[in-house]
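# Per-entry structural report
What follows is the residue order along each chain.
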Amino acid sequence: MSRNRARRSPPPTVAAMDVPPPSWRSPLRGPWLTSVLAVVLLAGIPVLWVTGLLSYAAYNPDLAPVNDKTPDKGLLGFYLFSWPTGPYWLYRVTQGVHVTLGIVLVPVVLAKLWSVAPKLFVLPPVRSVGHALDRLSLLLLVGGGLFTFATGVLNIQLEYIFPGSFYPLHFYGSWVFFGAFLAHAVLRLPRAVRALRGHDLRAELRTPASRTAPEPPDPESGLVPRDPAPPTVSRRGALGLVGLGSLALFAVTVGQSIGGSVRGTALLAPHGRDPGPGPNGFQINKTAESVRLRARDIGEDWRLVVRGGGRQAVLTRAQLERLPQHRSSLPIACVEGWSTSDQRWEGVRLVDLSALVGLDHRPPGVFVESAQLHGSFRSAALRDNQVRDTRSLLALRVNGARLSVDHGYPARIIVPGAPGVMNTKWVTRLSFGEAAWPA
């Protein structure tokens, strides 16, 4: 037995075991290129995450169940606060940054995954408890990232092919992804700093493909190929390709957030819902047909019911038009990233409607109900600060013309700084005070 034991080969070392398959031969792969891409993501993803949290807070989900699409969020909603009405363009900017930045980072994310692909296929896949935990963190990072970006892109295109609601899927996926991203960044930052310091960026960007050489062997990272192939592109070319891809996506995306004449450049924005020319000729998300709105619900028999403080008022559209009319120039901005330029709305202030039921002193929030029969956000709750803002209207007209049916005729809500879905269309009932809200 001692003779057989002596003939056995020594067990492989950890470095020898943690190696990628030999097919990964690109000479561009290595700690430096991966670290450069990581720095871009380290700057962009926190901004993406914070603006996403702000988007969720803008719905005022802690105000009422109808606003909350993630009721089981628990401690993940620790940061929620009352969404302000000023500046009136706040949501337009934060959500525009969120969506545009998310699209722009897609080529960087894909390039980063390509650069570390060998690490995702190391053999054996698990060799110890610690290694298993490291692999699990990578699974959460890569899987969570791909899931979050994919659901975000599909939502921008209004393509809900995934099971379940976009809101909880994207919300929880983002938390998983960012948690894994933060842990990964903390663990890998020292290695990335060493890799970046080991190369002269300007020299690397001046090196053509003919003089591009593999990085020195680096058993610690396992990214440098053991048998590199001849280079077909330089690292400068690879980074330029990624940058050009991001720039191209920016050019065909940002117009939907700027709006106006620039919107025509937003080739990736949802199309097929042309509002036509004229005063009502600006972006529409939900059409009357798409939510199965019945003609009789907004016809001559339409009435607005205003409740609060134990009182009720029922108004026709003609009676609403005889009330004092006010104007507000406000945009519409939606979670998908698109927004309009400022539109000139005209109608009755919410504070004046609350006064009709005796709530003229510090009016409370309001629960808004729509004639819409199908789809999400058929109703919404607005905070007291939104009601008290004198720019908040029950709009009857826009840009000097009567609202079109797709823009909410006979009446719609328009509130400064609120997400588009909170500006309820085809309003039938306003209930002021929390006692009137559904539990």
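None of the values given here were measured: they were computed from a predicted structure.

## Notes on the overall build of the chain
For the chain, the count of helices and strands is 14 helices and ten strands. Expected size for 439 residues packed as a compact globule is a radius of gyration near 22 Å; at 28 Å, the chain overshoots this value by more than 25%. Along the longest, intermediate and shortest principal axes, the C-alpha atoms of the chain span 100 × 50 × 35 Å. Looking at the chain as a whole, 49% of its 439 residues qualify as buried. A fraction of 72% describes how many contacts in the chain between residues 6 or more apart in sequence connect residues 24 or more apart. Only carbon and sulfur atoms are counted for the fraction: they give 62% of the accessible area of the chain, which is about 21,300 Å². Looking at the chain, you have 47 positive and 28 negative side-chain charges, and the mean spots of the two groups are 7 Å apart.

## What about the sheet that holds strand β10 (residues 427–432)?
Across the sheet, five strands lie side by side as β2-β1-β10-β5-β6; this open sheet has mixed pairing. One side of each edge strand has no neighbouring strand; the edge strands of this open sheet are β2 (311–315) and β6 (379–382). Going from strand to strand, the sheet's axes swing by 15° on average, the running direction of each strand aside. Judged from the three bridges that link them, strand β1 (residues 304–308) and β10 form a sheet pairing that is parallel. Residue pairing across strands places V305 opposite R429, the latter belonging to β10.

## Considering a nonpolar patch on the surface
Where nonpolar side chains cluster on the molecular surface, the patch consists of V129, L133, L136, L139, L140 and V176 and spans about 580 Å² of accessible area. Examining the composition of the nonpolar patch, we find that five residues originate from one element, helix α7 (residues 129–156), more than from any other. Structurally, L140 is set in helix α7.

## Some thoughts on the packing of helix α3 (residues 31–57) against helix α8 (residues 166–197)
Taken N-terminus to C-terminus, the directions of α3 and α8 make an angle of 150°; their axes are 9 Å apart at the nearest point. By the angle between their directions, the pair α3 and α8 is classed as roughly antiparallel. Judged by the twist between their axes, the crossing of α3 over α8 is left-handed. When α3 is examined against α8, the residues P31, W32, S35, V36, V39, L41, L42, I45, P46, W49, L53 and Y56 are found in contact with a partner set consisting of F171, S174, W175, F177, F178, F181, A185, L189, A192, A195 and L196.

## With respect to the packing of aromatic side chains
Summed over the entire model, instances satisfying the criterion amount to 19 aromatic pairs. Geometrically, the ring pair formed by Y56 and F171 is tilted, given 4.6 Å between the ring centres and 40° between the ring planes. Highlighted residues: Y56 in helix α3 and F171 in helix α8, separated in sequence by 115 residues. Grouping residues by exposure puts Y56 and F171 together as buried. With 6.3 Å between their ring centres and 65° between their planes, F78 and W175 make a pair best called edge-to-face. Separated by 97 residues along the polypeptide, F78 in the loop between α3 and α4 (90–104) and W175 in helix α8 bring together distant segments of the chain. Owing to a relative accessible area of 62%, F78 belongs among the exposed residues under this scheme. For W175, a relative accessible area of 18% translates into the label buried. Aromatic rings pair up to connect W49, F78, Y79, F149, W175, F177, F178 and F181 into one cluster.

## Overview of the nonpolar core
Nonpolar side chains in soluble globular proteins generally cluster together in the buried interior. In terms of nonpolar packing, the biggest core is built from 64 residues, with L304, L320, L353, L394, I413, L430 and F432 touching the most fellow members. No other element matches the eleven residues that α3 contributes to this core.

## What about the pattern of salt bridges?
In a structure, side chains of opposite charge can pair up when their charged atoms sit close to one another. Evaluation of the coordinates by the stated rule reveals twelve salt bridges. Notably, a salt bridge pairs R327 with E346, separated by 3.8 Å at the nearest N-O pair. A residue pair is termed long-range when its members are at least 10 positions apart, and R327 in strand β3 (residues 326–330) and E346 in strand β4 (residues 343–349) qualify at 19 residues. A residue is classified by how much of its surface remains accessible, and R327, at 67% relative accessible area, is exposed. Here E369 and R429 are joined by a salt bridge, their closest N and O atoms 3.4 Å apart. With a gap of 60 residues between them, E369 in strand β5 (residues 366–370) and R429 in strand β10 connect regions that are remote in the sequence. Among the charged side chains, a salt-bridge network with shared partners connects R327, E346 and R397.

## With respect to the side chain of H407
Counting through the fold element by element, H407 comes out in the loop between β8 (401–402) and β9 (412–414). At 3.1 Å, the side chain of H407 forms a polar contact with the backbone oxygen of F282.

Calculation rules
Residues numbered from 1 in each chain as written. Predicted model: local features only at pLDDT ≥ 70, side-chain atom pairs only at ≥ 80, totals over all residues. Heavy atoms only, no water. Helix = DSSP H or I, 4+ residues; strand = E, 2+ residues; numbered from the N terminus. Rg over C-alpha atoms; globule rule 2.2 N^0.38 Å. Buried < 20%, exposed > 50% of the residue type's maximum accessible area, 1.4 Å probe, protein only. Contact = heavy atoms within 4.5 Å. Areas by Shrake-Rupley, 256 points an atom, 1.4 Å probe, with all protein chains shown as cover. Lys, Arg positive; Asp, Glu negative; His and termini not counted. Charge placed at Lys NZ, Arg CZ, Asp CG, Glu CD. Pairing = 2+ DSSP bridges. Axes fitted to C-alpha atoms, helices over the stretch in contact; angles between N-to-C directions. Patch = residues over 30% accessible without salt bridge, like charges linked within 9 Å, V, L, I, M, F, W, Y side chains within 5 Å. Salt bridge = Lys/Arg side-chain N within 4 Å of Asp/Glu carboxyl O. Parallel < 35°, antiparallel > 145°, perpendicular 65-115°, else oblique. Left-handed = near helix turned anticlockwise from the far one by under 90°. Phe/Tyr/Trp six-rings, centres within 6.5 Å; stacked < 30°, edge-to-face > 60°. Core = buried A, V, L, I, M, F, W, Y, C linked by side-chain atoms within 4.5 Å. Polar contact = N/O pair within 3.5 Å; in protein donor to acceptor, adjacent residues only side chain to side chain.

Shape descriptors only; they carry no functional weight alone.
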